[in-house]
Amino acid sequence: MKLLHQPKKITRNIVTFIMLITFFTPYGQVFAYDGDFYSSNTIQFYDPRTGACGGGGGTTATVLAGDTNEEKIWNYFAGKGLTAEQIAGVMGNIQAESGFDPGIEEIGNSIGFGIVQWSFGRRTALEQAAAQKGVLASDLGFQLDYLYDELNSRPIDRDEFRQFGSTEWEGITKQTTVEDALVFFHHEFEISHLMNGSDPRGAVIAARGEFAQHWFTEFSGKTSGESSSGCSTGSA
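Okay, so let's go over this structure.

Thresholds applied
- Residues numbered from 1 in each chain as written.
- Predicted model: local features only at pLDDT ≥ 70, side-chain atom pairs only at ≥ 80, totals over all residues.
- Heavy atoms only, no water.
- Helix = DSSP H or I, 4+ residues; strand = E, 2+ residues; numbered from the N terminus.
- Buried < 20%, exposed > 50% of the residue type's maximum accessible area, 1.4 Å probe, protein only.
- Areas by Shrake-Rupley, 256 points an atom, 1.4 Å probe, with all protein chains shown as cover.
- Axes fitted to C-alpha atoms, helices over the stretch in contact; angles between N-to-C directions.
- Parallel < 35°, antiparallel > 145°, perpendicular 65-115°, else oblique.
- Left-handed = near helix turned anticlockwise from the far one by under 90°.
- Contact = heavy atoms within 4.5 Å.
- Salt bridge = Lys/Arg side-chain N within 4 Å of Asp/Glu carboxyl O.
- Phe/Tyr/Trp six-rings, centres within 6.5 Å; stacked < 30°, edge-to-face > 60°.
- Lys NZ or Arg CZ within 6 Å of the ring centre and 35° of its normal.

1. A look at the overall build of the protein
Consideration 1: Each helix and strand counted, the protein has 10 helices and 4 strands in total.
Consideration 2: Going from the N terminus to the C terminus, the protein shows its helices and strands as α-α-α-β-β-β-α-α-α-α-α-α-α-β.
Consideration 3: Counting only residues that meet the buried cut, the protein has 38% of its 236 residues in that class.
Consideration 4: Element-wise, carbon and sulfur atoms account for 55% of the exposed surface of the protein, whose accessible area totals about 13,200 Å².

2. Overview of unusual backbone geometry
Consideration 1: Phi is positive for Phe-100, close to 70°, though the residue is something other than glycine.
Consideration 2: By the element assignment, Phe-100 lies in the loop between helix H5 (84-98) and helix H6 (120-133).
Consideration 3: If you check the backbone angles, Gln-117 has positive phi at about 55° while not being a glycine.
Consideration 4: Within the fold, Gln-117 resides in the loop between H5 and H6.

3. Concerning the environment of Glu-218
Consideration 1: Along the chain, the position of Glu-218 falls in helix H10 (residues 200-219).
Consideration 2: The class for Glu-218 is partly exposed, based on a relative accessible area of 33%.
Consideration 3: Sequence spacing of Glu-218 and Ala-88 is 130 residues, and the spatial spacing of their C-alpha atoms is 9.6 Å.

4. Quick notes on the packing of H6 against helix H7 (residues 140-153)
Consideration 1: At a minimum axis distance of 11 Å, the contact between H6 and H7 shows a crossing angle of 120°. Here H7 runs oblique to H6, going by the angle between their axes. Where H6 crosses over H7, the two elements pack in a sense that is right-handed. Where H6 approaches H7, its residues Arg-122, Ala-125, Leu-126, Ala-129, Ala-130 and Lys-133 are matched on the opposing element by Phe-142, Tyr-146 and Glu-150.

5. Focus: the pattern of salt bridges
Consideration 1: Per the counting criterion, the structure on display carries 8 salt bridges.
Consideration 2: A salt bridge links Glu-97 to Arg-208; the nearest nitrogen and oxygen atoms lie 2.7 Å apart. On the criterion of sequence distance, the pair formed by Glu-97 in helix H5 and Arg-208 in helix H10 is long-range, its members being 111 residues apart.
Consideration 3: Relative accessible area serves as the criterion here: at 5%, Arg-208 is assigned to the buried category.
Consideration 4: Close ionic contact of Glu-127 with Arg-123 constitutes a salt bridge, the shortest N to O distance being 2.9 Å. You can see Glu-127 and its partner Arg-123 sitting in helix H6, 4 residues apart, about one turn around the helix.
Consideration 5: Residue classification places Glu-127 among the partly exposed residues on the basis of a relative accessible area of 33%.

6. Some remarks on the packing of aromatic side chains
For any two aromatic rings, the description comes down to two numbers: the centre-to-centre distance and the angle of the planes.
Consideration 1: This model, assessed by the stated rule, comprises 11 aromatic pairs.
Consideration 2: Ring plane angle 45° and centroid distance 5.6 Å describe the contact between Trp-74 and Phe-219, whose orientation is recorded as tilted. Taken together, the residues span a long stretch of sequence, with Trp-74 in helix H4 (residues 69-79) and Phe-219 in helix H10 at a distance of 145 residues.
Consideration 3: Plain terms: the ring middles of Phe-161 and Phe-184 are 4.9 Å apart, the flat faces sit at 70° to each other, and that makes the pair edge-to-face. Here Phe-161 is found in the loop between H7 and helix H8 (168-173), whereas its partner Phe-184 is found in helix H9 (residues 178-190), with 23 residues between them in sequence. Taken as a pair, Phe-161 and Phe-184 share a single burial class, namely buried.
Consideration 4: A connected cluster of aromatic rings, assembled from ring pairs, spans Trp-74, Phe-100, Trp-215 and Phe-219.
Consideration 5: The side chain of Lys-80 reaches across the aromatic face of Tyr-148, ending 4.3 Å from its centre.
Consideration 6: Over the aromatic face of Phe-189 sits the side chain of Arg-122, whose NZ or CZ is 4.5 Å from the ring centroid.

Next up, the structure:
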């Protein structure tokens, strides 16, 4: 008859053992996670020890402020310190290149990709950088960060613009009108077929100036916030 009580006794012992383990084990160890596992498998995670985000090699994602891609791009560059005229010039080019779609490929040949249509070796470099960060190459936040880094590292190439500084970012920050910013960004960064005629500046303004002016009118003075780092991506 004593054997009938053994299961209850064993159960009580197991419960007591678990309670003792839980009591004497540090809280952080009970709820610990393997950050290296998340990083190596490109899984976005939140580290409660540091309050930081990680994933895909431990990088932080870019959170974009705004409801549309257009608004997010405007706010991103406003947060970087560009004036309304300068942002409008950049956006006039982006609209002409991609319609603000970070996942679009060049129509007809699929060579160009993304918001500024990175092509050939530049597209390869973009895709490799995205893979290293563990994000999609079509992620808008990633593309904006990559574009910003590119502009800060690429030297000004054309003689007519060297008076504005040594890098393309320095150059764009010196433009004072929508048209000047539009033409500078096109001539230095985009370099489309519009460069082939006898009046490249006039051709760019004719083809893209209306786009740029539209965004200047739409968003000038309406910046809703800066982009920041956080646990959600800027995909759109």
